[in-house]
Amino acid sequence: MLANLLVILAAYLLGSLSFAVIVSKFYGMDDPRTYGSGNPGATNVLRSGKKKAAALTLLGDALKGLVAVWLALALQDTLDLSDGTIAAVAVAVLIGHMWPVFFGFKGGKGVATALGVLLGLSWPVALVCAAVWLVMAFGFKVSSLAALVATLISPLAAWFFDLPGSWILAIVIIAALVLYRHRSNIENLLQGKEGKIGS
């Protein structure tokens, strides 16, 4: 029981590493929470004009989701972790990203980290969601719209590929959290005010 709790806590702490802030500090840039949308994520970092910093933010946020799940799966037999614990790890790393203990609980919206989590749980599900995001992003040039559609598709893809029940539930929770964090974007989309990628 203790091992399960420690693994979940470790996932939250890993998720709390905000790569948008870390990468921006490394490049001597302004804190991404102080310009644009105020969201510490790759899309907002891209608004600074630093494409390399945005790419590193995207990679870092995705990798922490992947690494958290991958490590939990690698230790599953050794620590006797249940599928439910793996599911909790998947949710915990995303919660860490959204409400990071190291950055005043002011985190990102979780799209890249959610993709990393999906990749760790099931690469086919992640591939489907990434493909949907790319098609929507290139088609409509609106990052939030692409993220929302890919998010809505994720539980269906998880069900289609017959993932364990606890993992499907985790993906449903992850989708709900991502949608919750995008509620201002949803409002802007409905009003036709949402900014486009690169603006």
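Residues numbered from 1 in each chain as written. Predicted model: local features only at pLDDT ≥ 70, side-chain atom pairs only at ≥ 80, totals over all residues. Heavy atoms only, no water.

With 24 residues, helix α4 (residues 51–74) ought to run about 34 Å at 1.5 Å a step, and its terminal C-alpha atoms sit 33 Å apart, in line with that. Inspection of α4 places Ala53, Ala54, Thr57, Gly60, Asp61, Ala62, Lys64, Gly65, Ala68, Val69 and Ala72 among the buried residues, and these make up the whole buried set. Elements that come into contact with the buried residues of α4 comprise α1 (2–15), α2 (19–26), α3 (42–46), α5 (76–79), α6 (83–98) and α7 (111–121). (Helix = DSSP H or I, 4+ residues; strand = E, 2+ residues; numbered from the N terminus. Expected span 1.5 Å × (residues − 1). Buried < 20%, exposed > 50% of the residue type's maximum accessible area, 1.4 Å probe, protein only. Contact = heavy atoms within 4.5 Å.)

Under the definition given, this model contains two aromatic pairs. Measuring from ring centre to ring centre gives 5.3 Å for Phe26 and Tyr27, while their planes differ by 90°; the resulting arrangement is edge-to-face. Between the aromatic rings of Phe160 and Phe161, the centroid separation amounts to 5.2 Å while the plane-to-plane angle is 90°, which identifies the pairing as edge-to-face. The exposed category is assigned to Phe160, whose relative accessible area is 61%. Phe161 gets classed as partly exposed once you look at its relative accessible area, which sits at 34%. The ring centre of Trp99 lies 5.1 Å from the NZ or CZ of Arg181, which sits over that ring. The residue whose ring lies beneath Arg183 is Tyr180, and the NZ or CZ to ring-centre distance is 4.0 Å. (Phe/Tyr/Trp six-rings, centres within 6.5 Å; stacked < 30°, edge-to-face > 60°. Lys NZ or Arg CZ within 6 Å of the ring centre and 35° of its normal.)

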